[in-house]
Amino acid sequence: MIRALLASTALLAIAAPAMAEDINPTLTLSASADVQIAPDHATVQSGVVTRAATAQQAVQDNARAMTAVFDALRRAGVGGNDVQTSQLSVTPVYADRTQANQNQYEIIAYETRNTVSAKVRDTTRVGNVIDAMVSAGANNIQSVSFGAEDTSAAMDEARREAIASLLARAELFADAAGFELCGITRMSEDFARPAAPIMMARMESSSTPVAAGQLSVTATVNADFCIAD
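The rules behind each value
- Residues numbered from 1 in each chain as written.
- Predicted model: local features only at pLDDT ≥ 70, side-chain atom pairs only at ≥ 80, totals over all residues.
- Heavy atoms only, no water.
- Helix = DSSP H or I, 4+ residues; strand = E, 2+ residues; numbered from the N terminus.
- Buried < 20%, exposed > 50% of the residue type's maximum accessible area, 1.4 Å probe, protein only.
- Contact = heavy atoms within 4.5 Å.
- Areas by Shrake-Rupley, 256 points an atom, 1.4 Å probe, with all protein chains shown as cover.
- Core = buried A, V, L, I, M, F, W, Y, C linked by side-chain atoms within 4.5 Å.
- Salt bridge = Lys/Arg side-chain N within 4 Å of Asp/Glu carboxyl O.
- Expected span 1.5 Å × (residues − 1).
- Axes fitted to C-alpha atoms, helices over the stretch in contact; angles between N-to-C directions.
- Parallel < 35°, antiparallel > 145°, perpendicular 65-115°, else oblique.
- Left-handed = near helix turned anticlockwise from the far one by under 90°.
- Nonpolar A, V, L, I, M, F, W, Y, C, P; charged D, E, K, R; others polar.
- Disulfide = S-S within 2.5 Å.
- Arc of directions from axis to C-beta.
- Polar contact = N/O pair within 3.5 Å; in protein donor to acceptor, adjacent residues only side chain to side chain.

Caption draft 1: Focus on the overall build of the protein chain. Secondary structure summary: the protein chain contains four helices and eight strands in total. Secondary structure elements in the protein chain, listed N-terminal to C-terminal, are α-β-β-α-β-β-α-β-α-β-β-β. Counting the 229 residues in the protein chain, one finds 33% classified as buried. Sequence separation of 24 or more characterises 79% of the internal contacts of the protein chain that already satisfy a separation of 6 or more. Accessible surface, the protein chain as shown: approximately 14,000 Å² in total, 54% of it carbon and sulfur.

Structure, rendered in structure tokens:
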């Protein structure tokens, strides 16, 4: 048994250098490309914050205000399927009465927050929608973001540009270093979402100024190139 193990070890020791000789050196590179597209919709996060002496009163006050906000969204052309509640909370408000070596917390009111996400499919009307919500009672504008429903064509264009850049860079490395490439042994892609819009200055006197800008779709590809002996 011991002789068999020693023989196997010897064979592995002899085979290892031979296996190592079959492995070609590689060149590993990455390249990225950006494609700009116009957003086709915006999402407005907004709602109402109310405060009252009791939780019930805070909820009732908030419900009345939010009903007016929903009506305003409908009149502004935002469909019911494009409005979704994203936050609803009722929390106590404390008065911090700090004394020596102790903290005493007393509930002095209750606060209700109701926030909705409204999808605006006409990006030129985002400012009007915001104005309508505020006029109806919304007092908490959290964010405005832009997006595109279909980025597949832009992503494919970015992929083609990234691959072309990758191949050109590989040829440059080979030419500068004096070696020849013998093919691609591995290729992969990094997952990426469309980046935030590049904001463009625009003013509208009739509504809150909002800039849609451009979305940046980015593709990143990686590859291992084998180097010929």
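Caption draft 2: Just the environment of Ser 89, in detail. Structurally, Ser 89 is set in strand β3 (residues 83–99). For the pair formed by Ser 89 and Asn 114, sequence separation is 25 residues and the distance between their alpha carbons is 6.7 Å. The residues contacting Ser 89, other than those within four sequence positions of it, are Glu 111, Thr 112 and Arg 113.

Caption draft 3: Region of the structure containing the nonpolar core. In terms of nonpolar packing, the biggest core is built from 21 residues, with Val 69, Leu 73, Val 78, Val 126, Val 129 and Met 133 touching the most fellow members. Leu 27, Leu 29, Ala 162 and Ile 227 belong to the second largest nonpolar core, which has 11 residues in total.

Caption draft 4: The pattern of salt bridges, seen in detail. Inspection of the entire model under this criterion finds 10 salt bridges. Of the charged contacts in the structure, one is a salt bridge between Arg 121 and Glu 149, with a shortest N-O distance of 3.7 Å. With a gap of 28 residues between them, Arg 121 in the loop between β4 (102–120) and α3 (126–136) and Glu 149 in the loop between β5 (140–147) and α4 (152–177) connect regions that are remote in the sequence. We note a salt bridge from Asp 156 to Arg 159, for which the minimum N-O separation is 2.6 Å.

Caption draft 5: Representation of α4 within the structure. Under the 1.5 Å per step criterion, the end-to-end length of α4 is 37 Å for 26 residues, consistent within 8% with the ideal 38 Å. For α4, the complete set of buried residues consists of Ala 154, Met 155, Ala 158, Ala 162, Leu 166, Ala 170 and Ala 174. Looking one or two residues beyond α4, the residue adopting positive phi is Gly 178, at roughly 80°.

Caption draft 6: Broad picture of the packing of helix α2 (residues 55–75) against α3. Running from amino to carboxyl end, α2 crosses α3 at an angle of 150°, the nearest separation of the two axes being 8 Å. For the element pair α2 / α3, the angle class is roughly antiparallel. Crossing geometry of α2 relative to α3 is assigned as right-handed. Facing Ala 65, Ala 68, Val 69, Ala 72 and Leu 73 of α2, the residues of α3 in contact are Val 129, Ala 132, Met 133 and Ala 136. Considering only residue class, the contact of α2 with α3 consists of nine nonpolar, no polar and no charged.

Caption draft 7: Molecular detail of the state of the cysteines. Within this structure, the stated rule accounts for one disulfide. Each disulfide pairs two cysteine sulfurs, and for Cys 182 the partner residue is Cys 226, the sulfurs being separated by 2.1 Å. Of this pair, Cys 182 sits in strand β6 (residues 181–190) while Cys 226 sits in strand β8 (residues 214–227), and the two are 44 residues apart along the sequence. Given a relative accessible area of 41%, Cys 182 falls into the partly exposed group.

Caption draft 8: Structural view of α2. The first and last C-alpha atoms of α2 sit 30 Å apart over 21 residues, in line with the 30 Å expected at 1.5 Å per residue. Those residues of α2 that fall on the buried side of the exposure criterion are Ala 58, Asn 62, Ala 65, Met 66, Val 69, Ala 72 and Leu 73. Down the axis of α2, the buried side of the element spans an arc of 110°, and every buried residue falls inside it. Of the exposed residues in α2, those oriented more than 90 degrees away from the buried face are Gln 56, Arg 64, Arg 74 and Arg 75. Gly 77 sits one or two residues past α2 and shows a positive phi near 95°.

Caption draft 9: Broad picture of the side chain of Asp 224. The topology assignment puts Asp 224 in strand β8. Classification of Asp 224 by relative accessible area gives buried; the value is 14%. In terms of polar contacts, Asp 224 uses its side chain to reach the side chain of Thr 28, at 2.7 Å.

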